[in-house]
Structures are given as structure tokens and as C-alpha cells.
Amino acid sequence: MGYLCLNTENIVVEIGSLKEETESTEFYDGILCPGFVNSHCHIELSHLKGKLSQNTGMAGFIRQINQLRDRTEKNERVSCIQKEMDQLYCSGVSAMADISNCDESFDIKASSLMYTRTFLEVFGSEPEDSPLITEKVKKLNLASKQWRIDGGPSPHSCYTMSPRLLNATIEEALKEGWLSNHNQESWEEEELIRFGRGPLADEFRGRGLSNPPINSKGALQYFLGFIRAISEKEEKKPDASILLVHNTFTDAESIDRASELIENLYWAICPLSNLFIHSALPPVELLRRKGAVITLGTDSLSSNTTLSIIEEIKTLQRYFPWITLEEMLSWASRNGANFLKKESELGSFTPGKNPGVVYIDNIDYNNMKLTKDSHSVRVA
Ligand SMILES: [Zn+2]
């Protein structure tokens with residue numbers, strides 16, 4: 001029987017097999033796992049739960065967000081953030097990489113027991129708008145610093161930014177030490193960047209917005225062009241942690257080029273969000289074969305029905321039944337902790353760390369798999 005010993009401050013003292021039972025020994029029929037790291041969320045969109053239609057594709061999804069985002073009163077939006085942050089913590093999430101466009105989540109993050117790193121999302125397709133956008137994000141960054149939450153500006157994606165703004169934002173994020181970028185989330189994004197056509201191209205043109213420059217090698221290699229130029233200027237590879245989010249429509253060539261260029265590279269996958277918007281899933285097997293370091297995210301409640309790492313794992317288990325539960329739990333915990341550079345505290349039951357303890361119940365022990373009734377709950 002597995003055994004985990006914590007001190008009164010929940011710091012791991014020992015891990016091994018149970019030798020003798022004491023008065024304080026608690027028994028759990030299931031799996032104990034180090035606290036989860038949700039590596040991609042937009043907690044400030046929590047009020048959009050149940051409000052968007054599924055399977056609309058990326059252009060339809062963006063249209064719905066723009067229509068619905070501000071329809072809810074601020075106090076209701078904030079109470080949804082609080083509720084979901086509490087729920088994430090209770091379900092075992094110890095840390096989260098979260099995207100913000102405004103300051104509505106900052107005080108909740110500041111008082112949460114869950115660690116968060118906040119990516120202040122920058123986007124804007126018109127080069128002349130760059131100074132104004134940069135100024136707004138600078139103010140938001142200042143506000144986040146006043147709340148003493150970790151964070152900094154980061155790009156939204158290659159397809160929603162002018163090259164000038166994208167370059168400036170990448171530079172700034174690399175300086176901060178962390179960068180998160182939505183990558184190859186939809187086929188529409190690839191169609192837009194590789195050929196300048198498709199639903200996103202039409203959507204932007206229809207709104208009088210510029211399309212990004214065409215790059216026949218796709219969004220990721222376009223993004224890598226900026227990283228390469230910065231590396232050459234500084235004569236070294238970036239030492240920042242770089243997170244590529246979604247990767248639903250990535251390909252072998254893109255993965256190879258990114259892996260060559262970036263040392264601390266992480267691939268966040270959010271399967272339930274991809275199914276919600278596009279009825280698609282990322283090429284998980286290809287990523288594994290290429291040795292990509294995978295992390296798990298829930299994305300937001302605008303494109304998911306629940307913020308639950310265990311439900312993301314159940315979904316992966318359904319579509320990729322050959323991947324072991326142990327491997328997926330390492331994506332959900334250790335890899336995310338490494339991305340956040342929190343490996344000295346989180347991500348494993350190593351003596352001296354305080355990763356939090358998640359209890360997962362209703363395990364199919366014969367096959368070492370989750371069942372549909374498996375839940376995760378924080379026990380420390
Ligand atoms: Zn996102």
C-alpha cells in the first residue's frame with residue numbers, strides 16, 4: 001500500500017510503502033497525486049458558462065465572445081470568478097497559468113491559496129493602434145504588480161496581431177521570463193496564415209481589419225521567425241519558459257523547428273475546449289513521439305462546460321486509450337509546475353515540497369484507468 005507522510009504544514013516528509021499504521025494515518029481508496037497545474041485558463045470569462053453555442057468554428061466563437069462578453073454586470077462576473085477559483089482549488093489545482101484582459105480577477109488571485117501566473121493578453125491587428133494597446137497593457141501590468149500577483153504581457157496569437165505588436169510583445173514576455181501564445185488552435189488560423197483565406201480571413205476583412213502576413217509554413221513557424229531574430233540579436237537561445245497553447249492543428253515540421261529553437265518549450269493541450277469549438281483534438285500521439293513536453297489546461301468556460309483537469313484527462317483517456325494514467329497525471333502536475341518554474345515547491349511528492357495532495361476516487365484498478373465516476377478532491 002502506498003504511503004505519503006506530510007507534516008502539519010502539508011510539506012512532504014516521506015513517500016513509500018505503509019509499514020505501520022498510527023493514529024493519524026488516513027486511508028484513501030484511490031490515487032493520491034501532487035496538486036494539479038492548470039496551464040491555460042481565462043478565469044475572467046467564467047460568467048460565459050453555458051452561454052455559447054458549440055461547433056461554431058473559430059470565427060463563430062470570436063463573434064460570440066465579442067457579443068456576450070460585457071452583457072453580464074460586473075458584480076456577477078466577479079462572483080463567477082470567485083466561485084470557479086474556489087472550485088479549482090478544491091478539485092486539487094495548486095497553480096494556474098491564466099490569461100487576463102482586465103483586472104477583474106486580480107484581487108481574487110491575490111487572496112487565493114492557488115498560485116497563479118497571469119498573462120496579460122495583447123492583441124491588435126492594426127499597426128497604428130500599437131502605442132495605445134501597449135499603454136493599456138502597461139497600466140494593467142502595473143495594477144497586477146500592485147496586487148502582487150505574478151504576471152506580464154504576452155501575445156494572444158499570431159493571427160490577431162500586427163507583426164509590429166507581436167514582435168514588441170514577444171520581446172517583453174521573453175524579458176519577463178514567461179510567454180504564453182495561442183498556437184495553431186484552428187484550421188481557420190492555419191488557412192489564414194498559410195494562404196490568406198478562409199473564415200477568419202473573411203471575418204477580419206468584413207470588419208475592416210488587416211490580415212496577418214502570409215507565411216506558407218503556418219502560424220508556428222511564422223512565430224518562430226520572431227524568436228529567431230531576437231535570439232540572433234542577443235546571440236543566445238531564449239531562456240524564458242515558452243508555452244504554446246492548443247496546438248490542435250500543429251504538424252511534425254512545426255514541432256521540429258520549435259523544438260530546435262526553444263529550450264524551455266511546453267505544449268499546453270485543452271482537449272475539451274477544442275471539441276467544443278471545432279470538434280477536433282490536438283495530435284497528441286505526434287507530440288508524444290516528438291518528445292514534446294505536454295501540459296494540460298481547461299481553457300475558459302466560454303468554450304468548456306467545466307473547469308476540471310480530471311475531466312480533461314477522462315477525455316484524453318477516451319480518445320487515446322493507450323496513454324497511461326500515470327503519464328497524463330505527469331502532464332497535469334509536474335510539467336505544468338516546470339513551466340511555471342515552481343518545481344522546487346510543486347509537481348511531485350518530493351520531501352521538502354508542498355505540492356498539495358489530490359485524491360482521485362473510483363479507479364478501475366485492473367486497467368489503471370479513471371472511470372466515468374472518478375472525481376478529484378483536494379485533501380491537503
Ligand atoms: Zn485561450
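Our subject is the structure listed above.
Values in this document were obtained by computation on a predicted structure and should not be read as measured data.

## Details of the coordination of the zinc ion
Around a metal, the perfect tetrahedron of four donors has angles of 109.5 degrees, and the perfect octahedron of six donors has angles of 90 or 180 degrees.
Here's step 1: At this site the zinc ion is bound by His40 (NE2), His42 (NE2) and His182 (NE2), with donor distances of 2.0 to 2.1 Å.
Here's step 2: Here the donor residues of the zinc ion share one chain and are spaced in sequence as H-x1-H-x139-H. Of this pair, His40 sits in strand E4 (residues 36–41) while His182 is found in strand E8 (residues 178–183), placing the two residues 142 residues apart along the sequence. One exposure class covers both His40 and His182, and it is buried.

## So, the sheet that holds strand E15 (residues 376–378)
Here's step 1: Taken together, three strands build an open sheet; the order of strands is E3-E12-E15 and the sheet is antiparallel. Each edge of the open sheet carries a strand with a single partner, namely strand E3 (31–34) and E15. Taken pair by pair, the neighbouring strands of this sheet meet at an average axis angle of 30°, ignoring direction.
Here's step 2: Sheet topology note: the E3/strand E12 (residues 357–360) ladder contains four bridges and is antiparallel.

## A word on unusual backbone geometry
What is expected of a backbone is that most residues other than glycine have negative phi and most peptide bonds are trans.
Here's step 1: With a phi close to 45°, Gln184 is a non-glycine residue in the positive phi region.
Here's step 2: With respect to the helices, strands and loops of the structure, Gln184 is situated in the loop between E8 and helix H6 (187–195).
Here's step 3: A positive phi angle, near 60°, is found at Asp299, a position not held by glycine.
Here's step 4: Its location among the elements puts Asp299 in the loop between strand E11 (294–296) and helix H12 (309–319).
Here's step 5: Given the relative accessible area of 5%, Asp299 is considered buried.

## Notes on the pattern of salt bridges
Here's step 1: All told, the structure shown has 21 salt bridges when counted by the stated rule.
Here's step 2: Note that Arg257 and Glu253 form a salt bridge whose closest N and O atoms lie 2.7 Å from each other. Taken as a pair, Arg257 and Glu253 lie in helix H9 (residues 252–261) at a separation of four residues, close to a single helical turn.
Here's step 3: On the basis of relative accessible area, Arg257 is assigned to the partly exposed category, the value being 23%.
Here's step 4: A residue is classified by how much of its surface remains accessible, and Glu253, at 39% relative accessible area, is partly exposed.

Calculation rules
- Residues numbered from 1 in each chain as written.
- Predicted model: local features only at pLDDT ≥ 70, side-chain atom pairs only at ≥ 80, totals over all residues.
- Heavy atoms only, no water.
- Donors = N, O, S within 2.8 Å, 3.2 Å for Na, K, Ca; no water.
- Helix = DSSP H or I, 4+ residues; strand = E, 2+ residues; numbered from the N terminus.
- Buried < 20%, exposed > 50% of the residue type's maximum accessible area, 1.4 Å probe, protein only.
- Pairing = 2+ DSSP bridges.
- Axes fitted to C-alpha atoms, helices over the stretch in contact; angles between N-to-C directions.
- Salt bridge = Lys/Arg side-chain N within 4 Å of Asp/Glu carboxyl O.

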